[in-house]
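What follows is each chain in one-letter form.
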Amino acid sequence: MRLTLIYRDQPVRTPVGPSVHKAPPGQVWTAATSYTPPFPARVPGKGFPIWTLSHRGRALVFASPEEIAHVADILSQRVLPRPWKLVRGARAYGMYNRHWLSRLHKSWTPWPIRQQIVKRLRAAL
């Protein structure tokens, strides 16, 4: 299990982003110009930070420390919550199937593996 930090020229929007970074009311998340909390700013001379957690041939990408903390909080629960409970108002439209937790590979879901993932993510914070 490895967590790496790289820098990109352009900002990256990750699958975890909509769960953490909220768009202003009345704006579509993908087209919003600002978010709460904001995404990290460009690091001069490097670019925008991107964290990648690799494990068992799969990867989960994070664009901010807030996303890392959110994933660590969700995965630290002994019984994982249902994705439709994590997405407000999405059940009526079936959007919960796009939630990062519903797309998480099954090899990452056993409790001992999640404990290792959470330990690694929290150490990075």
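In short, a report on the structure.

Rules of the game
- Residues numbered from 1 in each chain as written.
- Predicted model: local features only at pLDDT ≥ 70, side-chain atom pairs only at ≥ 80, totals over all residues.
- Heavy atoms only, no water.
- Helix = DSSP H or I, 4+ residues; strand = E, 2+ residues; numbered from the N terminus.
- Rg over C-alpha atoms; globule rule 2.2 N^0.38 Å.
- Buried < 20%, exposed > 50% of the residue type's maximum accessible area, 1.4 Å probe, protein only.
- Areas by Shrake-Rupley, 256 points an atom, 1.4 Å probe, with all protein chains shown as cover.
- Axes fitted to C-alpha atoms, helices over the stretch in contact; angles between N-to-C directions.
- Parallel < 35°, antiparallel > 145°, perpendicular 65-115°, else oblique.
- Left-handed = near helix turned anticlockwise from the far one by under 90°.
- Contact = heavy atoms within 4.5 Å.
- Nonpolar A, V, L, I, M, F, W, Y, C, P; charged D, E, K, R; others polar.
- Salt bridge = Lys/Arg side-chain N within 4 Å of Asp/Glu carboxyl O.
- Expected span 1.5 Å × (residues − 1).
- Arc of directions from axis to C-beta.
- Polar contact = N/O pair within 3.5 Å; in protein donor to acceptor, adjacent residues only side chain to side chain.

**A closer look at the overall build of the protein chain**
Here's step 1: When its secondary structure is counted, the protein chain shows 4 helices and 3 strands.
Here's step 2: Its helices and strands in sequence order give the protein chain the pattern β-α-β-β-α-α-α, from N to C terminus.
Here's step 3: Over its C-alpha trace the protein chain gives a radius of gyration of 15 Å, about what one expects of a compact globule, namely 14 Å for 125 residues.
Here's step 4: Considering the protein chain as a whole, with its 125 residues, one finds that 34% of them fall into the buried category.
Here's step 5: When the accessible surface of the protein chain is summed, it comes to about 7900 Å², and 53% of that surface belongs to carbon and sulfur atoms.

**A short note on the packing of helix 2 (residues 65-75) against helix 4 (residues 111-124)**
Here's step 1: At their nearest, the axes of helix 2 and helix 4 sit 9 Å apart, and the two run at 150° to each other. It follows that helix 2 is roughly antiparallel to helix 4 by the angle criterion. Like other packed secondary-structure pairs, helix 2 and helix 4 cross with a definite hand, here left-handed. On helix 4, the residues touching Ile68, Val71, Ala72, Asp73 and Leu75 of helix 2 are Trp111, Arg114, Ile117, Val118, Leu121 and Arg122.
Here's step 2: Grouping the amino acids of the contact of helix 2 with helix 4 by side-chain chemistry returns 8 nonpolar, no polar and 3 charged.

**Quick notes on the pattern of salt bridges**
Here's step 1: By the definition in use, this model includes 1 salt bridge.
Here's step 2: Here Arg122 ties to Asp73 by a salt bridge, and the two come within 3.2 Å at their closest N and O atoms. Within this pair, whereas Arg122 is found in helix 4, its partner Asp73 is found in helix 2, the two being separated by 49 residues in sequence.
Here's step 3: Accessibility expressed as a relative area gives 43% for Arg122, which makes it partly exposed.
Here's step 4: Owing to a relative accessible area of 44%, Asp73 belongs among the partly exposed residues under this scheme.

**A word on helix 4**
Here's step 1: Its 14 residues place the ends of helix 4 20 Å apart at the C-alpha level, agreeing with the 20 Å of an ideal helix rising 1.5 Å per residue.
Here's step 2: Inspection of helix 4 places Ile113, Arg114, Ile117, Val118 and Leu121 among the buried residues, and these make up the whole buried set. What you see down the axis of helix 4 is that its buried residues fit within an arc of 135°, all on one side. Exposed side of helix 4, more than 90 degrees from the buried face: Lys119 and Ala123 are the residues found there.
Here's step 3: In this structure, the buried side of helix 4 is in contact with strand 1 (2-8), strand 2 (48-55), strand 3 (58-62) and helix 2.

**Points about the side chain of His21**
Here's step 1: By secondary structure assignment, the location of His21 is in the loop between helix 1 (17-20) and strand 2.
Here's step 2: Here Pro37 takes part through its backbone oxygen, which lies 2.6 Å from a polar atom of the side chain of His21.
Here's step 3: Discounting chain neighbours no more than four positions away, the residues touching His21 are Trp29, Tyr35, Thr36, Pro37, Pro38, Phe39, Ser64, Glu66 and Glu67.

Function-wise, these values are silent; they only describe arrangement.
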